[in-house]
2 protein chains.
Amino acid sequence: MSQRPELPAHVDIRDVSLRDGLQIERPIPLSAKLELLAAVAATGVREMEATAFVSPSKVPALADAAELAAELPQFADIEFSALVASPNGAKRAIAAGLRSVEYVVSAADGHSRANVGRSSAEATAQIPEIVAIAHDSDVTVEVIIATAWDCPFDGPTSPQRVLDVVSAAVDAGADRLAIADTIGTATPRRVADLIDRLRPRIADVPLGAHFHNTRGAGLACAYAAVSAGVTRLDASIGGLGGCPFAPGASGNIATEDLVYLLRDSGVHVDVDLGAAIAAAQVAQRAVGHDLPSALLRAGDRIRD
Amino acid sequence: MSQRPELPAHVDIRDVSLRDGLQIERPIPLSAKLELLAAVAATGVREMEATAFVSPSKVPALADAAELAAELPQFADIEFSALVASPNGAKRAIAAGLRSVEYVVSAADGHSRANVGRSSAEATAQIPEIVAIAHDSDVTVEVIIATAWDCPFDGPTSPQRVLDVVSAAVDAGADRLAIADTIGTATPRRVADLIDRLRPRIADVPLGAHFHNTRGAGLACAYAAVSAGVTRLDASIGGLGGCPFAPGASGNIATEDLVYLLRDSGVHVDVDLGAAIAAAQVAQRAVGHDLPSALLRAGDRIRD
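Residues take numbers from 1 onward in each chain, read along the sequence in its written order. Labels are handed out in written order, letters beginning with A for the chains and numbers beginning with 1 for the ligands. Under the rules for a predicted model, residues below a pLDDT of 70 receive no local features and side-chain atom pairs below 80 are neither given nor counted, while totals for whole chains, interfaces and linings still include all residues. Values shown for side chains rest on all heavy atoms present in the structure; no hydrogens or waters enter the calculation.

J.: How do you make sense of the packing of helix 10 (residues 218-227) of chain A against helix 11 (residues 255-264) of chain A when you look at a structure like this?
T.: Think of two packed helices as two axes; the pair is described by the angle between the axes and how far apart they sit. Residue and element names in this part refer to chain A. Every axis in this analysis is a line fitted to C-alpha atoms, fitted for helices over the stretch in contact. Angles between the N-to-C directions lie between 0 and 180 degrees. Under the DSSP-based scheme used, a helix requires at least four consecutive residues in state H or I and a strand at least two consecutive residues in state E, with every element numbered from the N terminus. At their nearest, the axes of helix 10 and helix 11 sit 11 Å apart, and the two run at 45° to each other. Between helix 10 and helix 11, the angle is such that the two are oblique. The hand of the helix 10/helix 11 crossing is right-handed. Mapping the contact onto sequence places L219, A222, Y223 and V226 in helix 10 and D257, L258, L261 and L262 in helix 11. Here roughly perpendicular refers to angles of 65 to 115 degrees, roughly parallel to angles under 35, roughly antiparallel to angles over 145, and oblique to all remaining angles. Definitions for this section: a left-handed crossing has its near helix turned counterclockwise from the far helix by less than a right angle. A right-handed crossing has that turn clockwise. By definition, residues are in contact when any of their heavy atoms lie within 4.5 Å.

J.: Help me understand the sheet that holds strand 1 (residues 12-15) of chain A, please; the structure alone is not making it clear to me.
T.: By way of backbone hydrogen bonds, the strands of a sheet pair with one another, either parallel or antiparallel. All names here are of chain A. For two strands to be treated as a pair, DSSP must find no fewer than two bridges joining them. Around the barrel, 8 strands lie side by side as 1-2-3-4-5-8-9-10; this closed barrel has parallel pairing. Strand-to-strand twist across the sheet, computed as the mean angle between neighbouring axes with direction ignored, equals 30°. Bridge count for strand 4 (residues 100-106) against strand 5 (residues 140-146) is 7 bridges, and the pairing is parallel. Looking at strand 5, one finds that S106 is bridged to A146. Contacting strand 1 and strand 10 (232-235), helix 11 runs over the sheet at an angle of about 170° to strand 1.

J.: Sorry, what's going on with the interface of chain A and chain B here?
T.: It is common to report an interface's size as the accessible area lost on association of the parts. Opposite the 48 residues of chain A that make contact, chain B presents 48 residues. The term salt bridge refers to a pairing of a side-chain nitrogen on Lys or Arg with a carboxyl oxygen on Asp or Glu at a separation within 4 Å. Our count for the contact surface shared by chain A and chain B stands at 2 salt bridges. A salt bridge links D264(A) to R190(B); its shortest N-O distance comes to 2.9 Å. Residue assignment for the side of chain A that touches chain B shows that the elements contributing at least two residues are strand 6 (150-151), strand 7 (155-156), helix 9 (188-202), helix 10, helix 11 and helix 13 (295-298) of chain A. When residues in the side of chain A that touches chain B are grouped by element, the largest group, 7 residues, is from helix 9 of chain A. Following the grouping adopted for this structure description, the nonpolar residues are Ala, Val, Leu, Ile, Met, Phe, Trp, Tyr, Cys and Pro, the charged ones are Asp, Glu, Lys and Arg, and the polar ones are all others, Gly among them. Among the residues making up the side of chain A that touches chain B, the classes are represented as 23 nonpolar, 10 polar and 15 charged.

J.: Teacher, can you tell me more about the sheet that holds strand 9 (residues 207-210) of chain B here?
T.: Residues and elements named next belong to chain B. Reading around the circumference, 1-2-3-4-5-8-9-10 is the order of the 8 strands in this closed barrel, with parallel pairing throughout. Taken over all neighbouring pairs, the strand axes of this sheet differ in orientation by 30° on average, direction set aside. In this sheet, strand 4 (residues 100-106) lies alongside strand 3 (residues 79-84) in parallel orientation, the contact comprising 3 bridges. Across the sheet, A82 pairs through a bridge with V101, a residue of strand 4.

J.: When you look at unusual backbone geometry in this model, what are you seeing that I'm missing?
T.: Outside of glycine, negative phi angles account for most residues, and trans bonds account for most peptide bonds. One non-glycine residue, A203(A), lies in positive phi territory at about 50°. Relative to the helices and strands, A203(A) resides in the loop between helix 9 and strand 9 (207-210).

J.: What's the story with the relation of the copies chain A and chain B in this structure? I'm lost.
T.: These two copies of the chain differ by a rotation about an axis and a displacement along the same axis. Here the copies are superposed with least squares, the fitted atoms being C-alpha atoms of residues at a pLDDT of at least 70 in both. Overlaying chain A with chain B gives an RMSD of 0.0 Å, the required rotation being 180° about an axis along which the chain moves by 0.0 Å. Taken together, the rotation and translation relating the two chain copies correspond to the operation of a two-fold axis. Among all residues of chain A, the one whose C-alpha sits closest to the rotation axis is A220(A), at a distance of 2.0 Å. A share of 100% of interface residues in chain A that are also interface residues in chain B marks the association as one of identical surfaces.

J.: Would you explain helix 4 (residues 87-95) of chain B in this entry?
T.: For an α-helix, the turn length of 3.6 residues means that residues three or four places apart are oriented alike. All names here are of chain B. The cut-offs for exposure are 20% and 50% of the maximum accessible area for each residue type, with area from a 1.4 Å probe on protein chains only; residues under the lower value are buried, those over the upper are exposed, and the others partly exposed. Every buried residue of helix 4 is listed here: P87, G89, A90, A93 and I94. Viewed end-on, helix 4 has its buried residues packed into an arc of 160°, placing them on one side of the element. Packed against the buried residues of helix 4 are strand 2 (47-53), strand 3, strand 4 and helix 7 (127-136). One or two steps after helix 4, the chain reaches G97, where phi turns positive at roughly 105°. Directions pointing from the helix axis toward each C-beta atom define the arc.

J.: What am I meant to see in the packing of helix 11 of chain A against helix 12 (residues 273-287) of chain A here?
T.: All names here are of chain A. Interaxial distance between helix 11 and helix 12 falls to 9 Å at its minimum, and their mutual angle equals 165°. The angle between helix 11 and helix 12 places the two elements in the roughly antiparallel class. For the pair helix 11 and helix 12, the crossing hand works out as left-handed. Seen from helix 11, the contacting residues are E256, V259, Y260 and R263; seen from helix 12, they are L273, A276, I277 and A280. Here the residues of the contact of helix 11 with helix 12 are counted per class, giving 6 nonpolar, no polar and 2 charged.

Encoded structure:
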């Protein structure tokens, strides 16, 4: 039974509470975001997705991106990133002081057109321009491949299509890659299969994974990704990111639930579990409704 | 990356809604139980844990065990089992017509004393008597090892202690075994490690696993168990079994969430996903509060 691969010794968790976690919530004041940010920073997390430089009319909850960015230098120990969907967004993020941008490309045409009004191939073709804009300012670029397993419009995404985006990103010199289960339909076997399929083309470029717990399998997928060698995972405090109009419908995997699972598996993470649970309480107050986090209710287990 | 073991072609799901799912709820009428039972039966599930023959004063929600048992013959396609905690309980279950009993033994002393007023060793010592009582009536016996990973009183359970109970059950001629994460603290690595540790002693006796989603890792643990060769899993419709006074606190892993994950992984199950979601709606009405199932909210994914 020694078939199981070794787990990595350490996994980097990027907290995406402020961007993916808040983007579908009713807009909350900048002061509440900064309170949440401080609580998340107190967990010891090293990376945070702070906001997105996209159309304020499409994502009103993140319309304060530049104002928020101006506050980030006070949290000197954290690497902040911002999501962008176009060269113009990348320029705005960099002008606002961000040192790391994420360019999101949907591998599926249906989602790509609905999300950014361009085909997947058109969005992919812009990767070199985004990388050039970022690298000209010594800014790091991560390419996130959205709908990497399924698209809400097109159904299952061809792994070849994901590989095409990965290839374009690697060839363009992207600093990091991530694969995202945008609608929370992935399962561990498909997660492992896709990572295996991409691995030879990715070579040494760091690969992250981003899961939603929409169908309850988010942590199972995260564990499958880590078992397949992924050492970067996105998560949100409290499982922020669920639809506020469907109580209990999960958003991102909850940072604290992920920390519990990884720590219990002998994988080191920078995030303190007690501080993450405390941050989830702050998050719950900030958005004004219950969050789906399991640890927020159940607490740590008896030992430790 | 071909290190990953093959998944089994088929997994048997035992629905435990009526016993583990309902035991901490306020008692509901027998008619409501039968409505739920019919809905669960309509999913195609082949095995159900129907009730427990234990002290009615300790578990008032299951005080109607004999009356419920009298209704079971109308569901001829399902193998029903009942949980027992003593030789007397086994006799009562058999007298009520059950053809399959589960004898639960806590591997940890703290939980064993709190649950049945006996040490783990004392409960283990009764396995041969229970097996004899059952086999004298051609009734199947499963020994369930509770607190197989952690005890709420004693902390982590020694795998050797679990192995001791397993050995006693195998030597006594138990027909089946199961390991239970009673308080929902297990994680996939520890699940796989324990199964590997037990496997040589279990030999060909069928092994099941029973998880709670209390800390969000229930499906991850179930997938780890299946990946380690387990082909029998307990689950409850809707994730019944959570504490009704802590909304959202999960109980058993939800049957429909498990079906989604296994089916999507290419593992065959007898349970129809749509019928399981419909049964979860019946369960939610029966208990009068929201259930934590993910599929109940999110539905099946776009394909299929």
